[in-house]
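Inside the fold
Now for the letters of each chain:
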Amino acid sequence: MRSVDDHLSDILNTVRVLAPLEVELERALGTTLAEEVTSPVPLPPFDNSAMDGYAVRAEDVADAPVTLPVIDDIAAGDGRLQAIGPGMVTRIMTGAPMPAGADAVVPVEWTDGGTVRVAIDRPARPGNAVRRSGEDVRAGDVVLPAGTSIGPAQLGVLAGVGRRRVLVRPRPRVVVISTGAELVEPGLPLGPGQIWESNSYTLIAAVREAGGDGYRAGIVTDDASRFLDQLDAQLLRADLVITSGGVSMGAYEPVKEALGPLGTVRFDRVAMQPGMPQGFGVVGEDDVPIFALPGNPVSSFVSFMLFVRPALRKMRGLPAGPTPTVRMVTTAALRSPDGKRSFLRGVLGPDGTVAPVLRQGSHQLAALASANALIVVPESVTELGEGADVEVIPL
């Protein structure tokens, strides 16, 4: 058997970072920045008011309460050149440019709200409620380095520095194909010996959560030629393919039967539980990576977390490696087969503990749904007592 680490290393040495492309800002969410972005102007680009109120000279209100004449109104977006002299104020709105001569803003709450003359109850220090030009970003500053994952805040920064298009590494397009003559689409009636297909829904959700765009290709029965036809049809829209089922040691294993003769996909027994049967390689003229995962629901999900998720990170241009773990304390004794790395389902506690769920079978999807962590038991360990320190992969 191969080790988990060796299998992951081969995967990360094979998958390639996706080529960058320029996209409209609306399509950049979830992508990875492939260029350094600088600001052409300072942000804010001009001194402006942080509040609705009155632009003043601080020295004129130092002896407040005072009453002063209001000489004008300045709204946000007002492009006129404005100025105030000694003993004068202007009404000003949030975001409006500060008039020359003013060095502070008195919030409207500190006044009687007058429009011709205003009574100001409190003094304001120089700079009060004023956003200075360049206090967030100076012209030429790097606002986002290459390799940044673009979320809502990053989109806001890109728009804020005037970018309409941006060079990114796109979200990987991932096709999921489930195999098995026993599988039926959810919503249809079950016949004898049949089960509703769930793996593709789990895997597509995991793909999207990991930053990819997932597509279900439907169910393929235990027929190698039909599987190859479906695979060929899907490669046109795939940066990566995941199959579920058909990789074990028995008869009627269509994925193994179809891909094995190609010579570009390797099938191994990986020293892990669940998820021992694994396949990985490339297919098609463009060498599209393909993950042939086991069919048991928990096995396929654990395999995704350990192997597919790091591959997607590399394709997106993000740092990739083994799935990160944290140290916790187990609330119950654990057992694991010798020579295999176990990934037991568990529930994280608020006190730094993790409790294993009662049902650990690789087919028990409901037990997986109740868990929010995988407890890692190393290959050389067969038993751990209650209260032992363990590595945990948060889900």
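Further up the page is the structure itself.
What counts as what
- Counting restarts for each chain: residues are numbered from 1 in the order of the written sequence.
- Per-residue local features of the predicted model are confined to residues with pLDDT of at least 70, and side-chain atom pairs are confined, for both listing and counting, to 80 or more; whole-chain, interface and lining totals are unaffected and use all residues.
- With hydrogens and water stripped out, all remaining heavy atoms of the structure feed into the side-chain values.
- The numbering of helices and of strands both runs from the N terminus, where a helix is a DSSP run of H or I of at least 4 residues and a strand a run of E of at least 2.
- We compute the radius of gyration from the C-alpha atoms alone; for a globule the expected value is 2.2 Å times N to the 0.38, where N is the number of residues.
- Accessible area is worked out with a 1.4 Å probe on protein chains only. A residue is then buried under 20% of its type maximum, exposed over 50%, and partly exposed in between.
- The protein chains shown are the only cover counted for residues, whose accessible areas, like all others here, come from Shrake-Rupley with a 1.4 Å probe.
- At least two bridges found by DSSP between two strands are what make those strands a pair.
- Angles here are taken between N-to-C directions and fall from 0 to 180 degrees, while the axes themselves are lines fitted to C-alpha atoms, restricted in helices to the stretch in contact.
- When checking whether two residues touch, look at their non-hydrogen atoms; a contact exists if any pair is within 4.5 Å.
- Residues belong to a common nonpolar core when they are buried Ala, Val, Leu, Ile, Met, Phe, Trp, Tyr or Cys residues joined through side-chain atoms within 4.5 Å.
- A pair of Phe, Tyr and Trp rings is counted when the ring centres sit within 6.5 Å of each other, with Trp represented by its six-membered ring. The angle between the planes then sorts it: under 30 degrees is stacked, over 60 is edge-to-face, the rest tilted.
- Either the NZ atom of lysine or the CZ atom of arginine qualifies as a charge over a ring when it sits within 6 Å of the ring centre and within 35 degrees of the ring normal.
- Orientation is classified from the angle alone, with under 35 degrees giving roughly parallel, over 145 giving roughly antiparallel, 65 to 115 giving roughly perpendicular, and any other angle giving oblique.
- Each crossing is labelled by how the near helix is turned from the far one, with a counterclockwise turn of less than a right angle marking it left-handed and a clockwise turn marking it right-handed.
- Under the scheme applied, nonpolar residues are Ala, Val, Leu, Ile, Met, Phe, Trp, Tyr, Cys and Pro; charged residues are Asp, Glu, Lys and Arg; polar residues are all the others, including Gly.

1. Points about the overall build of the protein
Within the protein, the regular secondary structure consists of 7 helices and 28 strands. Expected size for 395 residues packed as a compact globule is a radius of gyration near 21 Å; at 30 Å, the protein overshoots this value by more than 25%. Each of the three principal axes of the protein carries a C-alpha extent, and together these read 95 × 50 × 45 Å. The buried share among the 395 residues of the protein stands at 46%. Summed over its atoms, the accessible surface of the protein is roughly 18500 Å², and 53% of this surface lies on carbon and sulfur atoms.

2. Some details on the sheet that holds strand S17 (residues 240-244)
Remark on secondary structure: sheet strands pair via backbone hydrogen bonds, oriented parallel or antiparallel. The 6 strands are arranged S16-S13-S17-S21-S20-S18 in an open sheet whose pairing can be described as mixed. One side of each edge strand has no neighbouring strand; the edge strands of this open sheet are strand S16 (213-220) and strand S18 (265-269). In this sheet, adjacent strand axes meet at a mean angle of 15° when their direction is disregarded. Bridge count for S17 against strand S21 (residues 288-293) is 4 bridges, and the pairing is parallel. When the bridges of S21 are listed, Ile242 appears paired with Phe291. With respect to the sheet, helix H3 (residues 199-209) is in contact with strand S13 (173-179), S16, S17 and S21, its orientation differing from that of S16 by roughly 165°. Across the face of the sheet, helix H6 (residues 297-315) comes into contact with S13, S17, strand S20 (277-283) and S21 while running at roughly 170° to S21.

3. Details of the nonpolar core
Ranked by internal contacts, the top residues of the largest apolar core, which has 36 residues, are Ile242, Phe291, Phe304, Phe307 and Phe343. Among the secondary structure elements, those contributing two or more residues to this core are helix H1 (4-14), S13, H3, S17, S21, H6 and strand S26 (373-377). Ranked by the residues each element gives to this core, the list is headed by H6, at 11 residues. Not counting residues up to four positions away in its chain, the partners in contact with Phe291 are Ile11, Leu240, Val241, Ile242, Thr243, Gly279, Phe280, Phe307, Val308 and Ala311.

4. Quick word on the packing of aromatic side chains
Per the stated rule, a full pass over the model turns up 1 aromatic pair. Note on Phe280 and Phe291: the rings are 4.8 Å apart at their centroids and 50° apart in plane angle, and the pair reads as tilted. One end of the pair, Phe280, is in strand S20; the other, Phe291, is in strand S21, with 11 residues separating them in the sequence. Like Phe280, the residue Phe291 is buried in the burial classification. For the cation-ring pair, Arg122 lies above Trp110, with the distance from its terminal atom to the ring centre recorded as 4.0 Å.

5. Looking at unusual backbone geometry
Going from Leu43 to Pro44, the amide bond is cis rather than trans, its omega being -10°. Mapped onto the elements, Pro44 comes out in the loop between strand S3 (37-38) and strand S4 (48-49). Cis geometry is found at the peptide bond from Gln273 to Pro274, where omega equals 0°. Along the chain, Pro274 turns up in the loop between strand S19 (272-273) and S20.

6. Examining the packing of H1 against H6
Contact geometry of H1 with H6 gives a least axis separation of 10 Å together with a crossing angle of 30°. Comparing their axes, H6 and H1 come out roughly parallel. As for how H1 packs across H6, the hand of that crossing is right-handed. Contacts from Val4, His7, Leu8, Ile11, Leu12 and Asn13 of H1 reach H6 at Leu306, Phe307, Pro310, Ala311 and Lys314. Grouping the amino acids of the contact of H1 with H6 by side-chain chemistry returns 8 nonpolar, 2 polar and 1 charged.

7. Concerning the sheet that holds strand S12 (residues 165-169)
The strand order S1-S12-S2 describes an open sheet built from 3 strands, whose pairing is antiparallel. A strand with exactly one partner marks an edge of an open sheet, and here the two such strands are strand S1 (21-24) and strand S2 (32-33). Sheet topology places S2 next to S12; 2 bridges connect them, and they run antiparallel. Its bridge partner lying in S12, Leu33 is registered against Val168.

8. Let's talk about the pairing of S20
Two faces belong to every sheet, and in a regular strand the side chains alternate between them. Counting buried residues along S20, 7 of its 7 residues qualify, which places the element largely inside the surrounding structure. Residues Pro277, Gly279, Gly281 and Val283 line one face of S20 and the alternating positions Gln278, Phe280 and Val282 line the opposite face, and both faces are buried. Bridge count for S18 against S20 is 5 bridges, and the pairing is antiparallel. The partner of Asp268 across the bridge, within S20, is Gln278. In the sheet, S20 pairs with S21 via 5 bridges, with the strands oriented antiparallel. Each residue of the ladder has a partner; that of Gly281, found in S21, is Ile290. Two successive antiparallel strands, S20 and S21, enclose a turn made up of 4 residues, where Gly284 displays a positive phi of approximately 80°.

9. Focus on the environment of Thr67
Relative to the helices and strands, Thr67 is located in strand S6 (residues 66-74). Along the backbone, Thr67 and Val255 are 188 residues apart, and their C-alpha atoms lie at a distance of 84 Å. Dropping the residues within four chain positions of it, Thr67 is found in contact with Arg117, Val118 and Ala119.

10. Regarding the pairing of strand S25 (residues 353-356)
For strand S22 (residues 326-330) and S25, the ladder comprises 2 bridges, and the chain directions are parallel. Paired with Val329 across the bridge in S25 is Thr353. Joining the antiparallel neighbours strand S24 (residues 341-348) and S25 is a turn of 4 residues, in which Gly352 adopts a positive phi near 80°.

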